[in-house]
Amino acid sequence: MTKSSRTKAPLLDVRGLNRATLERQLLLRRSALSPAAAVGHLLGLQAQNVKPPYYALAARLDGFAPQELSALMAGRQVARIVTLRSTLHTHTAGDCLTLRPLVQPARDRELGQFRTGLAGVDLDVLAGLARELVEAEPRTMAQLRQALSARWPDADPQALAVAARCTLPLVQVTPRGLWGRSGQVALTTVEHWLGRPAGPAPEPEAVVLRYLAAFGPASVKDMQTWAGLTRLRSAFERLRPRLLTFRDPHGVELFDLPDAPRPDPDTPAPPRFLPEFDNLLLSHADRGRVVPAEHRGRHWQGNQAYRTLLVDGFLAGLWKLDPEALVIEPFAGLTRAQRDEVTAEGERMLRVLHPEASYDIRFGTVVRP
């Protein structure tokens, strides 16, 4: 696309992008989708920790109960697997079997960082042995290190375990990930856990369309950021005749589905309490559609992400759940009406996820760990 044609594309301002993205993310109004359908629509939920997928759906779905997602996980209809950006996600069973092959190049790049510790190790042999081990019974990473080190005593034990995780599609088995339960991280292959073979990687164009439905309007770099992949430009170009194009305030070309919702920028956006690492804040190269410039970096410290509060659709503060209180730290002053709305949303979240407990709601400072 030429520069002149880009400048002729309709402009989407920040609020327009914000409202469109919130609508796709089920955050502008709560959805009647089932938890399984929502996980599929959103192409998975970030799940480095156990609770974030539950908080993510509580913010998005009408009538959600955490036991619903827990039952899907126990029934192996959803599972926890490393996929997008080489991070752990909760995906539908179907996406576990197909999205992992799509992002395998990123796992291959990660494996390259451990080559020194894998000198003399035949990775095909390692993958075969690791598959035998985890399919005989789920194994922890420590157990994998020990078993693989017995076969390759001169290799770095951590590199051996990472190689198994990168070459094989490993899922975390339950009870890890169930609501109100605890369990160490134990791994087996996705094929063994789900009882069916992994499919071939989907065509990139099919995933582009799903990404735009959940995160659009978006640029090529946006999707590459979301997936942790490169070289997706050609897939967008092949789809260009079927897509609409816009430009953002910086002149970046954005693609979108013709029939996708793009609400009025003045559409009200209720407050939402999001978990740490929510994909809303991680799936675009330019996060300005959700994160105001003055708050950039305030929801991160090192590799740690904090739980975030949206007000009027934008990042506006942090929150945490102490033993006796929901503590909310706004980044700036809230109006009385906004405080009332935030309080009501906090009360709703507590009723949904913690109905057995009693919490105060306090506006204060979220103490960093």
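Residues numbered from 1 in each chain as written. Predicted model: local features only at pLDDT ≥ 70, side-chain atom pairs only at ≥ 80, totals over all residues. Heavy atoms only, no water.

Side note on the sheet that holds strand E8 (residues 272–274)
And then number 1: Spatially, five strands are ordered E8-E11-E12-E13-E14 in an open sheet, and the strand pairing comes out mixed. The sheet is open, and its two borders are formed by E8 and strand E14 (360–363), each paired with just one other strand. Across the sheet, the axes of successive neighbouring strands diverge by a mean angle of 30°, strand direction being ignored.
And then number 2: Relative to E14, strand E13 (residues 325–330) is paired through four bridges, and the arrangement is parallel. In the strand pairing of E14, Ala-325 is matched with Asp-360.
And then number 3: Contacting E8 and strand E12 (314–321), helix H4 (residues 52–60) runs over the sheet at an angle of about 165° to E8. (Pairing = 2+ DSSP bridges. Helix = DSSP H or I, 4+ residues; strand = E, 2+ residues; numbered from the N terminus. Axes fitted to C-alpha atoms, helices over the stretch in contact; angles between N-to-C directions. Contact = heavy atoms within 4.5 Å.)

Describing the pairing of strand E7 (residues 253–256)
And then number 1: Neither face of E7 is open: one carries Glu-253 and Phe-255, the other Leu-254 and Asp-256, and all of them are buried.
And then number 2: Of the pairings in the sheet, the one linking strand E6 (residues 244–247) to E7 comprises four bridges and is antiparallel in character. Paired with Arg-247 across the strands is Glu-253, a residue of E7.
And then number 3: Hairpin connection of E6 to E7: five residues between the antiparallel strands, including Gly-251 at a positive phi of 85°. (Buried < 20%, exposed > 50% of the residue type's maximum accessible area, 1.4 Å probe, protein only.)

Some points on the pattern of salt bridges
And then number 1: Under the defined criterion, the tally for this structure stands at 23 salt bridges.
And then number 2: Among the ionic pairs, Arg-272 bridges to Glu-345, the shortest N-O distance being 3.6 Å. Of this pair, Arg-272 sits in strand E8 while Glu-345 sits in helix H15 (residues 336–353), placing them 73 residues apart in sequence. By the burial criterion, Arg-272 is buried, and Glu-345 matches it.
And then number 3: Residues joined in a network through salt bridges with shared partners are Arg-233, Glu-237, Arg-240 and Glu-253. (Salt bridge = Lys/Arg side-chain N within 4 Å of Asp/Glu carboxyl O.)

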